[in-house]
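What the coordinates show
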Amino acid sequence: MKVALFLPCYVDQFYPKVGIATLQLLEKLGCTVTYPLNQTCCGQPMANSGFENLAQDCNELFVENFGGSFDAIICPSGSCALHVKHHLHSEKRENDATHIRNHIYELTEFLTDVLKVEQLPARFPYKVGLHQSCHGQRGLHLSQMSELVAAPYSKPEKLLNMVDELELINLERKDECCGFGGTFCVFEEAVSARMGVDRVEDHVRNGAEVLTGGDMSCLMHLEGIVRRNKYPVKVMHIAEILNQA
């Protein structure tokens, strides 16, 4: 399968190992991966701040980079994938934009729904807590929402349970927001930080050695809280765990 790799700005700038792990994992699973070198921001920060009209140049550049003959476009971020899936339009190449919207996937969504992965050659002998980010859970439906009277499921959990020796811990509030919320953490700093502390302490209280998730923006927020408060837990993106040998 011929796929394109779309990396969010903060992964490219601050967490390149997440991008490398995603690339390596996709190649292990038989994908031919292309990384368009001229890709930049998808425009989500502007759109979320009420300035979507200023993001059109980002849209056009995104279509220029990813409008080729790719079977799928893979993003290790639920929030960026959701933004493109719901909001990407082009004044010049709307047919290509439509194709992209219909073929962009968050990483764990792609692995479970498209590649239909049933086993992984990975080993990770640690107790792991999974943070299920809001965009992925409520926007992309990567896992069930606890407030619904419905059968539980979780695509990230399914993949983590394929990793040898990994113990997935139970959390008290498994789908609670971490407080990041993009610009929310800037405009409502105190509330955002308190929410993040609550999330980290839930993981620590229940014995997590590693805190993981599918959205590096949320994990960046939680990692800052971990470092400042010296909590005894490591933060890793799920791609880094699934790619462990």
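Residues numbered from 1 in each chain as written. Predicted model: local features only at pLDDT ≥ 70, side-chain atom pairs only at ≥ 80, totals over all residues. Heavy atoms only, no water.

**Side note on the environment of His-87**
Threshold: Think of it this way: any DSSP run of H or I at least four residues long counts as a helix, any run of E at least two long counts as a strand, and we number them from the N terminus. In this analysis, two residues are considered to be in contact whenever any of their non-hydrogen atoms come within 4.5 Å of each other.
Take His-87: it is sitting in helix H5 (residues 78-87). Each C-alpha atom, one on His-87 and one on Glu-64, is 16 Å from the other, the two residues being 23 residues apart in sequence. Discounting chain neighbours no more than four positions away, the residues touching His-87 are Glu-52 and Asn-59.

**Digging into the packing of helix H11 (residues 189-205) against helix H12 (residues 216-229)**
Pairs of packed helices are described in terms of their axes, by the angle between the two and the distance that separates them. What counts, and what does not: Inter-axis angles, ranging from 0 to 180 degrees, are taken between N-to-C directions of lines fitted to C-alpha atoms, where helices are fitted over the stretch in contact. Throughout this description, any angle smaller than 35 degrees is read as roughly parallel, any larger than 145 degrees as roughly antiparallel, any in the 65 to 115 degree range as roughly perpendicular, and the remainder as oblique. In this classification, Asp, Glu, Lys and Arg are treated as charged, Ala, Val, Leu, Ile, Met, Phe, Trp, Tyr, Cys and Pro as nonpolar, and every other residue, Gly included, as polar.
Where H11 meets H12, the closest approach of the two axes is 9 Å, and the angle between their N-to-C directions is 80°. Classified by the interaxial angle, the pair formed by H11 and H12 is roughly perpendicular. Residues Ser-192, Ala-193, Gly-196, Val-197, Arg-199 and Val-200 of H11 lie in contact with H12, whose contacting residues are His-221, Leu-222, Ile-225, Val-226 and Asn-229. Looking at the contact of H11 with H12 residue by residue, the classes come out as 6 nonpolar, 4 polar and 1 charged.

**Considerations on the layout of surface pockets**
Selection rule: Here a cavity denotes a set of grid points, spaced 1 Å apart and computed over the protein atoms alone, in which a 1.4 Å probe fits but from which it cannot get out, and a pocket denotes an open set meeting protein on both sides within 12 Å along at least five of seven lines; residues with an atom within 4 Å of a point are reported as lining. Grid points are joined across faces, edges and corners, and a volume is the space filled by probe spheres set on the points.
Space inside the largest pocket adds up to approximately 500 Å³. What lines the largest pocket is a set of 28 residues, among which Gln-44, Ser-79, Phe-180, Gly-182 and Ser-217 lie closest to the centre. Contributions of two or more residues to the lining of the largest pocket are made by helix H1 (9-14), helix H3 (44-48), H5, helix H8 (134-139), helix H10 (184-187) and H12. Of the residues that constitute the lining of the largest pocket, the class distribution is 17 nonpolar, 10 polar and 1 charged. A volume near 210 Å³ is recorded for the second largest pocket. Sorting the residues of the lining of the second largest pocket by element identifies H11 and H12 as the ones contributing at least two each. Its residues assigned to classes, the lining of the second largest pocket comprises 4 nonpolar, 4 polar and 2 charged.

**Things to note about the domain arrangement of the protein chain**
Buried accessible area, meaning the area lost when the parts come together, often serves as the stated size of an interface. Heads up, the condition is: The split of the chain into domains comes from an automatic or database domain assignment. Two parts lose some accessible area (1.4 Å probe) when they are put together, and adding that loss for both gives the buried area. Take a side-chain nitrogen of Lys or Arg and a carboxyl oxygen of Asp or Glu: if they are within 4 Å of each other, that pair is a salt bridge. N or O atoms closer than or at 3.5 Å make up a polar contact, with two conditions inside protein: a donor-capable atom paired with an acceptor-capable one, and, for residues adjacent in sequence, both atoms drawn from side chains.
Per the domain assignment, the segments making up the protein chain are domain 1 (2-114) and domain 2 (127-242). Contact with domain 1, which involves 25 residues of that partner, is made by 20 residues of domain 2. With both sides pooled, the region where domain 1 packs onto domain 2 buries about 1900 Å², and carbon together with sulfur makes up 70% of that total. On inspection of domain 1 and its partner domain 2, the count reaches 1 salt bridge. One can count 7 residue pairs in polar contact (both at pLDDT 80 or more) joining domain 1 with domain 2. Only H1, helix H2 (16-28), H5 and helix H7 (107-114) provide two or more residues apiece to the side of domain 1 that touches domain 2. Counting residues per element, the side of domain 1 that touches domain 2 draws most heavily on H7, at 6 residues. Class assignment for the residues of the side of domain 1 that touches domain 2 results in 12 nonpolar, 8 polar and 5 charged.

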